[in-house]
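Below are the chains, spelled out letter by letter.
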Amino acid sequence: MAIPTRYGTIYAQEVQMPSSWNEYISLVLTDSGFVTNSAIFGTDGRKWASTPGYGLTSDEIKTLVFGFIDPSKLWKDGVRVGGRTFTCTRAESGLIVGRESTEGTGCVVFRCNKCIVIATHEEGAHPGGCYNVVTKLGEYLKEQGI
């Protein structure tokens, strides 16, 4: 698995994958330079790990998990993550993307088998970089049965 970071691409065969969920947050997501805040939650709503100080409410998590089944609420009300609302630009069975066009910020949510990976990027970060890092990690976790 290739993971782009601000220091270049890391290949999974070259490095040992993180041993804790907090290491996935720091080493894979935020250290990439494309992700500002991130979290991993079980599909049951339990928090597995998050960027320090980054909080999501249980209602936000429930709405995201349900949004993978029926995205109509996301299209209507937006994607609410960490107390911020983003315009839903993509919603399908395994991926939700939201943008805030005036500020250039956004979010990416990926559904794995047992968890969801949530990340936000701020103005100045390339949205495609956040999208790529989150989807590559999500695909890797799905391949591992997680």
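Residues numbered from 1 in each chain as written. Predicted model: local features only at pLDDT ≥ 70, side-chain atom pairs only at ≥ 80, totals over all residues. Heavy atoms only, no water.

1. A closer look at the environment of W21
How we decide: In this text, helices come from DSSP runs of H or I with a minimum length of four residues, and strands from runs of E with a minimum of two, each type numbered from the N-terminal end. When accessible area is computed with a 1.4 Å probe and restricted to protein chains, residues below 20% of their type maximum are described as buried, those above 50% as exposed, and intermediate ones as partly exposed. By definition, residues are in contact when any of their heavy atoms lie within 4.5 Å.
With respect to the helices and strands, the residue W21 is situated in helix α1 (residues 21–29). Its relative accessible area of 26% is what places W21 among the partly exposed residues. As a C-alpha pair, W21 and A49 span 28 residues in sequence and 5.6 Å in three-dimensional space. Those residues in contact with W21 that lie beyond four places of it in its chain are I40, W48, A49, L141 and I146.

2. So, helix α2 (residues 58–67)
Put simply, the rule is: When we speak of the arc, we mean the arc of directions from the helix axis to the C-beta atoms.
For α2, the complete set of buried residues consists of E60, I61, L64, V65 and G67. End-on view of α2: buried residues confined to an arc of 160 degrees, all on one side of the axis. Across α2 from its buried face, at more than 90 degrees, point the exposed residues D59 and K62.

3. A word on the packing of aromatic side chains
This is how the line gets drawn: A pair of Phe, Tyr and Trp rings is counted when the ring centres sit within 6.5 Å of each other, with Trp represented by its six-membered ring. The angle between the planes then sorts it: under 30 degrees is stacked, over 60 is edge-to-face, the rest tilted.
The full count for this structure, using the stated rule, is two aromatic pairs. Their ring planes at 45 degrees and their centres at 4.8 Å tell us that W21 and W48 sit as a pair that is tilted. Placement of W21 in helix α1 and of W48 in strand β4 (residues 47–50) is noted, with a sequence separation of 27 residues between them. The exposure class of W48 is partly exposed, given its relative accessible area of 25%. Through successive ring pairs, a cluster of aromatic residues spans W21, Y24 and W48.

4. Remarks on the environment of I146
Note on placement: I146 falls in the segment after α4 (127–143). Take I146: its relative accessible area is 22%, and that puts it in the partly exposed class. In this structure, the C-alpha to C-alpha distance between I146 and R111, residues 35 residues apart in sequence, is 10.0 Å. Filtering out sequence-adjacent residues up to four positions away, I146 remains in contact with W21, W48, C112, N113, K114, C115 and L141.

5. Looking at the packing of α1 against α4
Quick note on the threshold: Here the axes come from fitting lines to C-alpha atoms, over the contacting stretch only for helices, and the angles between their N-to-C directions go from 0 to 180 degrees. What makes a crossing left-handed is the near helix being turned counterclockwise from the far one by less than a right angle; a clockwise turn instead makes it right-handed.
Here α1 crosses α4 at 140 degrees, and the two axes come no closer than 11 Å. Pair α1 / α4 crosses with right-handed handedness. Contact residues: W21, Y24, V28 and L29 in α1; V133, V134, L137, Y140 and L141 in α4.

6. Comments concerning the nonpolar core
Rules: Residues belong to a common nonpolar core when they are buried Ala, Val, Leu, Ile, Met, Phe, Trp, Tyr or Cys residues joined through side-chain atoms within 4.5 Å.
Counting 21 residues, the largest nonpolar core has Y24, L29, V117, V134, L137 and L141 as the members making the most contacts within it. Counting residues per element, the ones that place at least two in this core are α1, β7 (95–100), β8 (105–111), β9 (115–121) and α4. Take this core: its biggest share by element is six residues, from α4. Apart from residues no more than four positions distant in its own chain, V117 is found in contact with L29, A39, I40, V108, V109, F110, C112, V134, L137 and L141. Listed in part, the 19 residues of the second largest apolar core include F86, A91, I96 and I118.

7. Focus: the sheet that holds β8
To keep things clear, this is the line we draw: Strand pairing is defined by DSSP finding a minimum of two bridges between the two strands.
Pairing is antiparallel across the open sheet formed by seven strands, whose spatial order is β4-β3-β9-β8-β7-β6-β5. Edge positions in the open sheet fall to β4 and β5 (79–81), since each of these has one partner strand only. For this sheet, the mean angle separating the axes of adjacent strands, direction not counted, is 25 degrees. Note that strand β3 (residues 37–42) and β4 share three bridges and pair antiparallel. The residue bridging A39 from the neighbouring strand is S50, located in β4. In the packing of α2 onto the sheet, the strands contacted are β3, β5, β7, β8 and β9, and the crossing angle to β9 comes to about 110 degrees.

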